[in-house]
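A look at the structure
What follows is each chain in one-letter form.
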Amino acid sequence: MSQIKVNTDLKALNNEIAAQNKEKLHSCGILTVDVLGSPGSGKTTLLENILPELAAKCRVAVIEGDLATENDARRIEKTGVKAVQINTNGGCHLDAKMIERQFEKIDLENTDVLVIENVGNLVCPVSFALGEDLRIVVLSTAEGEDKPLKYPTAMLKTDAVVVSKTDIAEYVCVSTDKLIGNIGTVNPDVKIFTAGKTDGEYRAEGLVEYILEARKNLK
Ligand code: MG
Ligand code: ZN
């Protein structure tokens, strides 16, 4: 069997399991959000900052994906939200089966929103469905203005992009406006948010409302 055929079969099998995950999660009234982005883009920091507000308005659970360590799950649990950790032991993306295996560790009947933080990687997580309703790509200003042009698939196969670390943009000689412009060039329909510290306080304007609105529309 050719390599291409094996890959196609693996993707088809993954899609099948992802569809089953989605059905199961929907039957429990759960909206699932897959958060993607490069290592160091600020995915965990974003979650640490929005989870307290989100968890005040609905019941949230988090799945953390990393190659190694339970560091991120521990960081999330400090916000008071329950988190389970997947270690892929070198695997560069999460797949639907890994998510399915976590279901017994999560109180699905008492969850409204499941947030999955994918392994830090802007390439292959994009082609592995997990059963998510929403995809959010986190892209930091430190990655450079032309990142959306270099990684168009990640911009196209997402519902929203969060431009993070806006507070350090000037120090890394990046224009947040140009970066946002490039995202819009690749995908004019994508929803764009910004996140960073303003006056010493981390803000991700409108993101919690966006997730809650999607949860409401699930019913
Ligand atoms: Mg992380
Ligand atoms: Zn991968």
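Residues numbered from 1 in each chain as written. Chains lettered and ligands numbered in written order. Predicted model: local features only at pLDDT ≥ 70, side-chain atom pairs only at ≥ 80, totals over all residues. Heavy atoms only, no water.

Side note on the overall build of the protein chain
Along the backbone of the protein chain there are 8 helices and 9 strands. A buried classification covers 49% of the 219 residues belonging to the protein chain. Sequence-distant contacts in the protein chain: of pairs separated by 6 or more residues, those separated by 24 or more amount to 72%. Here the protein chain has roughly 10,600 Å² of accessible surface; of this, 50% comes from carbon and sulfur atoms. Charged side chains of the protein chain number 26 positive and 33 negative; the gap between the two group centres comes to 2 Å. (Helix = DSSP H or I, 4+ residues; strand = E, 2+ residues; numbered from the N terminus. Buried < 20%, exposed > 50% of the residue type's maximum accessible area, 1.4 Å probe, protein only. Contact = heavy atoms within 4.5 Å. Areas by Shrake-Rupley, 256 points an atom, 1.4 Å probe, with all protein chains shown as cover. Lys, Arg positive; Asp, Glu negative; His and termini not counted. Charge placed at Lys NZ, Arg CZ, Asp CG, Glu CD.)

Quick look at the coordination of the magnesium ion (ligand 1)
Within the protein, Thr 44 (OG1), Asp 72 (OD) and Glu 117 (OE) serve as the donor atoms for the magnesium ion (ligand 1), at 2.0 to 2.2 Å. Mapping the donors of the magnesium ion (ligand 1) onto the primary sequence gives the spacing T-x27-D-x44-E. Residue Thr 44 is found in helix 2 (residues 43-57), and its partner Glu 117 is found in strand 4 (residues 113-117); the two are separated by 73 residues along the sequence. Among the residues examined, Glu 117 registers a relative accessible area of 2% and is labelled buried. (Donors = N, O, S within 2.8 Å, 3.2 Å for Na, K, Ca; no water.)

Focus on the pattern of salt bridges
Going through the model one piece at a time under the given rule, you end up with 11 salt bridges. Across the pair Asp 34 and Arg 135 runs a salt bridge whose closest N-O atoms are separated by 3.9 Å. Here Asp 34 is found in strand 1 (residues 31-37), whereas its partner Arg 135 is found in strand 5 (residues 134-140), with 101 residues between them in sequence. Accessibility classification places Asp 34 together with Arg 135 in one group, the buried group. Linking Glu 143 and Lys 147 is a salt bridge whose minimum nitrogen-to-oxygen distance equals 3.0 Å. (Salt bridge = Lys/Arg side-chain N within 4 Å of Asp/Glu carboxyl O.)

Things to note about the nonpolar core
Judged by nonpolar contacts, the single largest core of 31 residues is most densely connected at Leu 46, Leu 207 and Ile 211. If you list the elements that add at least two residues to this core, you get strand 1, helix 2, strand 2 (60-66), helix 3 (71-77), strand 4, strand 5, strand 6 (160-164) and helix 8 (207-218). Setting aside chain neighbours within four positions, we find Leu 207 in contact with Leu 46, Ile 50, Ile 136, Val 162 and Phe 193. Among the nonpolar cores identified, the runner-up in size contains 17 residues, and Cys 28, Val 84, Ile 99 and Ile 106 belong to it. (Core = buried A, V, L, I, M, F, W, Y, C linked by side-chain atoms within 4.5 Å.)

Structural notes on the side chain of Asn 187
Its place among the elements puts Asn 187 in the loop between helix 7 (176-186) and strand 7 (191-194). Since its relative accessible area comes to 8%, Asn 187 is described here as buried. Within the structure, Asn 187 has its side chain in polar contact with the backbone oxygen of Met 155 (distance 2.9 Å). A polar atom in the side chain of Asn 187 sits 3.0 Å from the backbone nitrogen of Asp 189. Excluding residues within four positions of it along the chain, Asn 187 makes contact with Met 155, Leu 156 and Thr 158. (Polar contact = N/O pair within 3.5 Å; in protein donor to acceptor, adjacent residues only side chain to side chain.)

A look at the coordination of the zinc ion (ligand 2)
Note on the zinc ion (ligand 2): its protein donors are Cys 92 (SG), His 93 (ND1) and Cys 124 (SG). The metal-donor distances range over 2.0 to 2.2 Å. We note that the donor set of the zinc ion (ligand 2) lies within a single chain, spaced as C-H-x30-C. Taken as a pair, Cys 92 in the loop between strand 3 (82-87) and helix 4 (96-100) and Cys 124 in the loop between strand 4 and strand 5 lie far apart in primary sequence, 32 residues in all. The exposure class assigned to Cys 124 is buried, which follows from its relative accessible area of 18%.

Topic: the side chain of Ser 140
Assignment of secondary structure puts Ser 140 in strand 5. Setting aside its immediate chain neighbours within four residues, Ser 140 contacts Ser 41, Ser 164, Lys 165 and Leu 179.

Re the environment of Arg 59
By secondary structure assignment, the location of Arg 59 is in the loop between helix 2 and strand 2. Classification of Arg 59 as partly exposed rests on a relative accessible area of 39%. Spatially, the C-alpha atoms of Arg 59 and Asn 110 are 6.9 Å apart, while their sequence positions differ by 51 residues. Ignoring sequence-local partners within four residues, the contact set of Arg 59 consists of Glu 109, Asn 110, Thr 111, Asp 112 and Val 113.

Here we look at the pairing of strand 1
For strand 1, the buried fraction is high: 7 of the 7 residues fall into the buried class. Judged by which residues are buried, strand 1 turns out to be covered on both faces: Leu 31, Val 33, Val 35 and Gly 37 on one side and Thr 32, Asp 34 and Leu 36 on the other are all buried. Of the pairings in the sheet, the one linking strand 1 to strand 4 comprises 5 bridges and is parallel in character. In the sheet register, Val 35 faces strand 4, and the bridge partner there is Glu 117. As paired elements, strand 1 and strand 5 share 5 bridges and run parallel to each other. Following the sheet pairing, Leu 36 is matched in strand 5 by Val 137. (Pairing = 2+ DSSP bridges.)

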